Amino acid sequence: MANTSSRTLRLLSLLQTHRYWPGGELAGRLEVSTRTLRRDVDRLRELGYPVEATRGVDGGYQLAAGAALPPLVVDDEEAVALAVGMQAATQGAIAGIEESAVRALTKVVQVMPPRLHRRVDALRAVTVPVTWAGTNPAPAVDPDVLITVAQACRDDERLEFGYTARDRDPAERLVEPHRLVPLGRRWYLVAYDLQRHDWRSFRLDRLTGPRRTGARFLPRTLPTSDAAEFVRAGIRNVTSTHDVEALVRAPAEAVRAQVGRWATIEEVDERSCLLRMQADDLDWPVFALGGVGAEFEVRSPPELVDRIREWGDRFGRATAGRAR
């Protein structure tokens, strides 16, 4: 029979399948008596796990939803699946959860044994991210870079890395990392640059070889209200390929909920708003505006009108045969 601690973890793992376990079957799985099983269940309850019990001949146990999330126990396959899934989420596979995915991925990877690291790396190597045809793919960010930077932010630990800024040669940087910010289809690190003695934002796809130095620091006060606003301000100071503006015939809140991660939405009146965004290519604004599901009028640039007309002609040809 396993010791009490390992047996309790095994019991928790079985209960977290969310199936109902007859008492006799569960005791048999653990190779203990029903009395010992009851003591183990009581131990889980003391730790905050809401285990429901049914009395009688067919009595058994099931893990119920609680008021708070207690620690989870996962097996090897589940740990690998979690890591791979969270890596996909960090690349914007599901809008709005990128930051949470990075935090969760950091926690899982930190306690993952090397043999599972290798399995995760193997899956990553043979997995191809999906991109929309006709649009420039989002810059790829190495998950290991993302994890290392996230850990340094969490622990207030100075970070060294190589960085290639726009139109400049690669250079080594030493920073005090503050926050990671997913904005549009990119990740940014907001940090205090110790060599330039000022706050900077760094694109993670341009960052290489991050190294945690082990030197802790006292966090400084960011000059803006939050890290996301700092990144947006920096982007506005950089010339983009296309500055897009469109009048959308829909309430600002509704449009903001749809594309607010990629664009700035300004209310005009209760039924319309101005959408502004910067884009490297025009296919992405076409996709974003089309996804809003409302009438709109392009204010700028004129090239966007031509691209929308091109998409419209293509869709028209696609449906012409069905119409006949």
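Conventions adopted
Residues numbered from 1 in each chain as written. Predicted model: local features only at pLDDT ≥ 70, side-chain atom pairs only at ≥ 80, totals over all residues. Heavy atoms only, no water. Salt bridge = Lys/Arg side-chain N within 4 Å of Asp/Glu carboxyl O. Helix = DSSP H or I, 4+ residues; strand = E, 2+ residues; numbered from the N terminus. Buried < 20%, exposed > 50% of the residue type's maximum accessible area, 1.4 Å probe, protein only. Expected span 1.5 Å × (residues − 1). Axes fitted to C-alpha atoms, helices over the stretch in contact; angles between N-to-C directions. Parallel < 35°, antiparallel > 145°, perpendicular 65-115°, else oblique. Left-handed = near helix turned anticlockwise from the far one by under 90°. Contact = heavy atoms within 4.5 Å. Core = buried A, V, L, I, M, F, W, Y, C linked by side-chain atoms within 4.5 Å. Patch = residues over 30% accessible without salt bridge, like charges linked within 9 Å, V, L, I, M, F, W, Y side chains within 5 Å. Areas by Shrake-Rupley, 256 points an atom, 1.4 Å probe, with all protein chains shown as cover. Lys, Arg positive; Asp, Glu negative; His and termini not counted. Charge placed at Lys NZ, Arg CZ, Asp CG, Glu CD. Pairing = 2+ DSSP bridges.

A.B. asks: Account for the pattern of salt bridges, naming residues and giving values.
C.D. replies: Opposite charge on two side chains allows them to pair when their charged atoms are near. Evaluation of the coordinates by the stated rule reveals 24 salt bridges. Put simply, Arg-173 and Asp-193 hold a salt bridge, and the shortest N to O gap is 3.1 Å. In this pair, Arg-173 is assigned in strand S5 (residues 171-183) and Asp-193 in strand S6 (residues 186-193), connecting sequence segments 20 residues apart. With its nearest N and O atoms 3.7 Å apart, the salt bridge here joins Glu-297 to Arg-299. When its relative accessible area of 44% is taken as the criterion, Arg-299 is described as partly exposed. Sharing partners across several salt bridges, the network here consists of Glu-245, Arg-249, Glu-266, Arg-276, Glu-297 and Arg-299.

A.B. asks: So what's going on with helix H7 (residues 143-155)? Which residues, and what values?
C.D. replies: Across its 13 residues, H7 extends 18 Å between first and last C-alpha, which sits within 8% of the 18 Å expected from 1.5 Å per residue. Most of H7 is tucked away, with 11 of its 13 residues classed as buried. Of all the residues in H7, the buried ones are Pro-143, Val-145, Leu-146, Ile-147, Thr-148, Val-149, Ala-150, Gln-151, Ala-152, Cys-153 and Asp-155. The first or second residue beyond H7 is Asp-156, which carries a positive phi of 50°.

A.B. asks: I'd like a description of the packing of helix H1 (residues 4-15) against helix H2 (residues 23-30), backed by residues and values.
C.D. replies: Any two packed helices are characterised by how steeply their axes cross, that is the angle between the axes, and by the distance between the axes. In the contact formed by H1 and H2, the axes pass within 10 Å of each other and the chain directions differ by 135°. Here H2 runs oblique to H1, going by the angle between their axes. Seen along the crossing, H1 lies across H2 with a hand that is right-handed. Residues Arg-7, Arg-10, Leu-11, Leu-14 and Leu-15 of H1 touch H2, and the partners they reach there are Leu-26, Arg-29 and Leu-30.

A.B. asks: Tell me about the nonpolar core, and please be specific about residues and values.
C.D. replies: Ranked by internal contacts, the top residues of the largest apolar core, which has 21 residues, are Val-248, Val-255, Val-259, Ile-265, Leu-275 and Leu-304. The set of elements that each furnish at least two residues to this core consists of strand S9 (242-248), helix H9 (252-259), strand S11 (272-279), helix H10 (283-292) and helix H11 (302-323). Tallying contributions element by element places H10 first for this core, with 5 residues. Those residues in contact with Val-255 that lie beyond four places of it in its chain are Val-248, Ala-250, Gly-260, Ile-265, Cys-273, Leu-275 and Val-292. Counting residues in hydrophobic clusters, the runner-up holds 20 residues, among them Val-141, Cys-153, Tyr-163 and Val-175.

A.B. asks: Explain the side chain of His-242 to me, and be specific about the residues and the numbers.
C.D. replies: Along the chain, His-242 falls in strand S9. Here His-242 is in contact with Met-277, Gln-278, Ala-279, Asp-280, Asp-281, Leu-282 and Pro-301, once residues within four sequence places are set aside.

A.B. asks: A description of a positive patch on the surface should follow, citing residues and the corresponding values.
C.D. replies: On the surface, a cluster of positive charge is made up of Arg-35, Arg-38, Arg-39 and Arg-55. Exposure remark for Arg-35: the relative accessible area of 57% places this residue in the exposed category.

A.B. asks: Before we move on, can you summarise the sheet that holds S5 with the specific residues and values?
C.D. replies: If you trace the 5 strands from one edge of the open sheet to the other, you get S7-S6-S5-S4-S8, paired in antiparallel fashion. At either margin of the open sheet sits one strand with a lone partner, and together these are strand S7 (198-203) and strand S8 (207-216). Averaged over neighbouring strand pairs, the angle between their axes works out to 45° when direction is ignored. Both S6 and S7 contribute to a ladder of 6 bridges, which runs antiparallel. Considered in S7, the bridge of Leu-189 is made with Phe-202. Taken strand by strand, H7 contacts strand S4 (157-163), S5, S6 and S8, and its axis lies near 25° from that of S8.

A.B. asks: Account for the side chain of Arg-203, naming residues and giving values.
C.D. replies: By the element assignment, Arg-203 lies in strand S7. A relative accessible area of 14% means that Arg-203 is categorised as buried.

A.B. asks: Lay out the pairing of S6 with the relevant residues and their values.
C.D. replies: Extensive coverage of S6 is indicated by the burial of 7 of its 8 residues. Strand direction decides the pairing type here: S5 and S6, joined by 8 bridges, are antiparallel. What sits directly across from Val-181, in S6, is Tyr-188.

A.B. asks: Pulling in residues and values, what's your account of the sheet that holds strand S12 (residues 296-300)?
C.D. replies: Read from one edge of the open sheet, 4 strands run S10-S11-S9-S12, paired in antiparallel fashion. At either margin of the open sheet sits one strand with a lone partner, and together these are strand S10 (264-269) and S12. Going from strand to strand, the sheet's axes swing by 25° on average, the running direction of each strand aside. By the bridge criterion, 7 bridges tie S9 to S11 in an arrangement that is antiparallel. Bridge pairing in S11 places Val-244 opposite Met-277. Relative to S10, H9 is tilted by about 165°, and along the sheet it contacts S9, S10 and S11.

A.B. asks: How would you sum up unusual backbone geometry? Please name residues and give values.
C.D. replies: In this chain, Ser-300 is followed by Pro-301 through a cis amide linkage whose omega measures -5°. Along the chain, the position of Pro-301 falls in the loop between S12 and H11. Phi is positive for Asp-156, which is not a glycine, with a value near 50°. Position of Asp-156 among the secondary structure elements: in the loop between H7 and S4. Located in the positive-phi region is His-197, a residue other than glycine, with phi close to 55°. Here His-197 is to be found in the loop between S6 and S7. Assessed through its relative accessible area of 58%, His-197 is described here as exposed.

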